[in-house]
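Coordinate analysis (summary)
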Amino acid sequence: MRLIVPLRGVIQGRGGLFVGSLIPCCLFYVLQLYLKRRRSPPDPPPTSSRSNLFSRGNSIGRVRVSSRAVPVAKPTDSPYYIGLERVKADPYDQMNNRDGIIQLGLAESSLCFDLLQRWMSENLMESMMIQSDDGEFDISSIAMYKPFEGLLELRVAFADFMSRIMGGNVSFDPSNMVITAGGTPAIEVLAFCLADHGNALLIPSPYYPGFDRDIKFRTGVELIPVHCRSSDNFTVTVSALEQAFNQARKRGSKVSGILFSNPSNPVGNILSRETLHDILRFAQEKNIHVISDEIFAGSVYGDKEFVSMAEVAVSGEFDKSRVHIIYGLSKDLSIPGFRAGVIYSFHEDVVNAAKKLMRFSSVPVPVQRILISLLSDTRFIEEYMASHRQRIREKYIRFVEGLKQLGIPCAESDGGLYCWVDMRSLLTSYSEKGELELFEKLLSVAKINATPGTACYCIEPGWFRCCFTALADEDIPVIMARIRQLAESARS
Amino acid sequence: MTRTGIYRNRSGTSDSETSGDDGGGGTTVMRVIVPLQGVVQGRGGLVLGSVIPCAFFYFLQFYLKRNRRDEPEPDPDNQNSASSPGSEPNNSDSSSELTVLSRSLSRVVTSPRNSGTHVSVSGRANSILRGGDSPGKKRVEEDPYDELDNPDGIIELGLAQNKDLVSDYSKEETSIGLSLSGIASYEPSDGLMELKMVVARLMSEATKNTVSFDPSQLVLTSGAAAAVEILSFCLADSGNAFLVPTPCSPGFDADVKWRNGVEIIHVPCRSSDNFNISVTTLDRAFSQAKKRGVRIRGIIISNPSNPMGSLLSRENLYAILDFTREKNIHIISNEIFAGSTHGDEEAEFVSIAEIADTEETFDKERVHIVYDLSKDLSFPGLRTGAIYSFNENVLAASRKLTTFSPVSSPSQHLLISAISKPEFIQTYVKTNRQRLQRIYSEFVKGLKSLGIECTRSNGGLFCWADMRGLISSYSEKGEIELWNKFLNIGKINITPGSSCHCIEPGWFRFCFSNLSEKDVLVVMNRIRKVCETCKSQD
């Protein structure tokens, strides 16, 4: 037999194991190669379904955009952005459009515009233009290229301002600071620097819906929600973190850090010193980073004391190089149009990488000049911050009181420009679907845009974020009347 | 019948080696006694032999993939590698496992890089830390030239910005129209319509109004760097590549590669062609890349070119556009110096938009333009750039991505009030051209009297000087030596050709628009000094 059919002998004889190993290996390799080649050029054959979906016509030879730009270009399906778009199309106006949609979805504040207006009209031009020695206006001080990470004077002023609003217990070093064009690029740059493509960040949920866009669009970093519950007043616990961390590891994704907002957004509660200690200890144990978004640090109106992660980091107990802080002036100084934010990091490499990346999102020099004089005007800042806090508090009490009379409670909160409203009693069904139905009803019947918990990845349905700081006092009764109507029709 | 024959056959061969025993009876006994062997070497052999190596191969790939991702994190070039013992992850891990040995979880030991206190940054951040800065920048920052206070300091000729010309803005010009309500609140991050209209008008002015730009096709960004970054994100996936004719602007590496992971394939142009882009070399580079399995998504050109300052001719633009159509790729035309042309009247700037306008609609979709107000208005501190595209999808994606590189409202209002008057734009562009022309001819004349020739240029804030005669060895090393001489002896910072990826050594870029006429004399004297030291060494 061996002589007659030598090939068969080779295959099924001793050689079987060897050839049997080699052939499938080759096949597997070729398959992988084939798949890889197929995957990267999704376009050339005009029949590929992917390309048909995307381009409007099917003309051959039409040039395509990159596959990662496609999800960016697509209209979003998050209720947060849908709501914002709807308001833009039909905004409420007390005079001209009384039936329009009232905006409770955007965390901006007009409470202290009078103070800002006064300061700007007195100082705006002077602050921007540096006079040279002979009294002539010197345009080159604002027109020329300056360091991307921000002028040193601005970083000094920022450091001073931050330590002032955070209670003066902690001082910030300007050399650890990079000025960015707003909080959004600050978060993106940090995510880019701390995690590689495919890595993940743990994030206590409910969280700010914009993080999805900020982090996922370009950096390819995943967000893993760590669910917090109403029974804990939505405060994160170490055991929940631990559980999420282990689950992520089991699934094979590498966790690079924890990201959280303090005061939290959308709930508005403040993390206690103990919780911060716990989080940092947890991060140290797992050897991961901590990103603390403290963009609402100056908008604290409650009685609880705000503690910055920076304060905990320098307590000496921990390795501070894993701590990174995001701050910005959009909320606390109510100047989002200025697009001024800060990355504050204790890690030298992160600071240096962020400096280089600021070639893509630095703050224009004239704006920096305005900010320098604004932030160094300590008398104004003191006055501003005091009335900012006072006025949020007043508005908060008025708003929450109004809801309470309708039988709608809010979560306990101490900071932020919003409150976290419990509308579970208005739900038709206790589910995500029920919540989105209520959201739709709020938008089209009551004409109110509030952000539903689903958009914030809240695990319990029925919670809504309402931003109240852009409202006039006389708007509040209008809102309450609209909600009352909705509530009555829902309960009947 | 045949089947049993095969069995016997097979087991016969295997046994002949292991035991030396031959014959059918012996093997059956063996099969019964050692069932495992029977399974392995019997029928199951082929199946197991297939499955096991497959599994091995899969695990090997999996392992490699995991390892590769961790690899760049410990960075040997970085100083902190001393403090974080991570330059060889496997070694340090195994050693820590040996010394500590307290935990048996091997996974924990391998996956975080080390149990030390330092937490490391992402691999891609590390690669940014390494790359980047233009070489002379630090030196200039430490010791800048000042006519009165520091006459021995280093003169910056490496930075394309326009200082002398801007001082003409009057204070009123920039100061009208700033009010709080306009600048403080949230506004669309891709720019106000009013500003877009002004930018469109400015772009038209640069083409002497032969093209009209549609403001709705504009997306404003914080500077041209961000515009290039956003465009390359939208046009290419990670691992894809752009063709870039060299010498090119030194900034492209950062803009295209850093965060997008898009590669650049340089297409060298030579002095013998006067550094013109030829379609044949583009074609060759394209097919070479294709052979290597790299997917080319587009081509990035600068017009007026940086660093040469030459204008691309209409024929050349047609040829390049035809090339992109043939290959079905995109084209990014970097026109940030469009308003900074100077020189003869017959040298006219032609925007790619003009060429695109003659094309079919769907073909226009491959054309994208980067513009920068800061260069043309000599106002880089304002950081306002723009993307002009004919592609709806690119525009939609770019608009969203501008949240990461927004133009701030005060800047926008400042620009609107400064340049919204049409007369102002006209006068400005005209004056700017005249002054550039004056300083350019003076500078080039000065260089010529020192025996240094420049290529003919009609745009940009710089000239491209041939100093091949001054370098000691015709190599990149020789070029860097000369650059060092300029920095240390002449105290002048210029851009060497190697920074622009020029393949011929000995070419340098001089940015002259920052100089006053008095400065030109100082610069020429310093260059003469450098020339003399070069010659005396020969």
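About the thresholds
- Residues numbered from 1 in each chain as written.
- Chains lettered and ligands numbered in written order.
- Predicted model: local features only at pLDDT ≥ 70, side-chain atom pairs only at ≥ 80, totals over all residues.
- Heavy atoms only, no water.
- Axes fitted to C-alpha atoms, helices over the stretch in contact; angles between N-to-C directions.
- Helix = DSSP H or I, 4+ residues; strand = E, 2+ residues; numbered from the N terminus.
- Parallel < 35°, antiparallel > 145°, perpendicular 65-115°, else oblique.
- Left-handed = near helix turned anticlockwise from the far one by under 90°.
- Contact = heavy atoms within 4.5 Å.
- Buried < 20%, exposed > 50% of the residue type's maximum accessible area, 1.4 Å probe, protein only.
- Domains from an automatic or database assignment.
- Buried area = accessible area lost by both parts, 1.4 Å probe.
- Salt bridge = Lys/Arg side-chain N within 4 Å of Asp/Glu carboxyl O.
- Nonpolar A, V, L, I, M, F, W, Y, C, P; charged D, E, K, R; others polar.
- Pairing = 2+ DSSP bridges.

1. A short note on the packing of helix α11 (residues 193–206) of chain B against helix α21 (residues 422–449) of chain B
Residues and elements named next belong to chain B.
- It is at 10 Å that the axes of α11 and α21 come closest, and there the two elements cross at 40 degrees. It follows that α11 is oblique to α21 by the angle criterion. The way α11 lies across α21 gives a crossing that is right-handed. Across the interface between the two elements, Val 198, Arg 201, Leu 202, Glu 205 and Ala 206 of α11 pack against Pro 422, Ile 425, Gln 426, Val 429 and Arg 433 of α21.

2. Focus: the environment of Ser 305 of chain B
Residue and element names in this part refer to chain B.
- The residue Ser 305 is located in the loop between β5 (296–302) and α15 (314–327) in this model.
- Overall, Ser 305 belongs to the buried group, its relative accessible area being 6%.
- In the structure, Ser 305 is positioned 56 residues away from Ser 249 in sequence and 8.3 Å away in space, judged by C-alpha atoms.
- Those residues in contact with Ser 305 that sit more than four places away from it in its chain are Ser 310 and Phe 462.

3. Regarding the domain arrangement of chain B
Residue and element names in this part refer to chain B.
- Each domain of chain B was delimited in the assignment, giving domain 1 (129–164 + 435–536) and domain 2 (177–426).
- Each of domain 1 and domain 2 has a C-alpha centre, and these two points are 27 Å apart.
- In this complex, domain 1 contributes 28 residues to the contact, which on the side of domain 2 involves 30 residues.
- Taken together, the two surfaces of domain 1 and domain 2 that pack against each other cover about 2,400 Å², and 58% of this comes from carbon and sulfur.
- Ranking the residues of domain 1 by area buried against domain 2 places Asn 458, His 501 and Ile 503 at the top, with a combined share of 26%.
- Taken together, the links from domain 1 to domain 2 amount to 0 salt bridges.
- Elements supplying a minimum of two residues to the side of domain 1 that touches domain 2: α21, β10 (462–466) and β13 (507–511).
- When the residues that make up the side of domain 1 that touches domain 2 are grouped by side-chain class, the tally is 11 nonpolar, 13 polar and 4 charged.

4. Concerning the pattern of salt bridges
- One pass over the structure, following the stated rule, counts 43 salt bridges over all chains.
- For Arg 259 of chain B, the salt bridge is made with Glu 188 of chain A, and the minimal N-O distance between the two is 3.5 Å. Placement of Arg 259 of chain B in the loop between α13 (252–257) and β4 (263–268) and of Glu 188 of chain A in helix α9 (residues 183–194) is noted, with the two residues assigned to different chains.
- For Arg 259 of chain B, a relative accessible area of 10% translates into the label buried.
- Glu 188 of chain A gets classed as buried once you look at its relative accessible area, which sits at 2%.
- Ionic contacts of the salt-bridge type, sharing partners, join the residues Glu 188 and Arg 218 of chain A together with Glu 229 and Arg 259 of chain B into one network.

5. Here's the deal with the pairing of strand β8 (residues 341–345) of chain A
All names here are of chain A.
- Of all 5 residues making up β8, 5 are buried, and the element is well covered by its neighbours.
- Across 4 bridges, strand β2 (residues 177–180) lies against β8 in antiparallel orientation. Across the sheet, residue Met 177 finds its bridge partner in β8, namely Tyr 344.
- Looking at chain direction, strand β7 (residues 323–328) and β8 are connected through 5 bridges and run antiparallel. Within the sheet, the bridge partner assigned to Tyr 327 lies in β8 and is Val 342.

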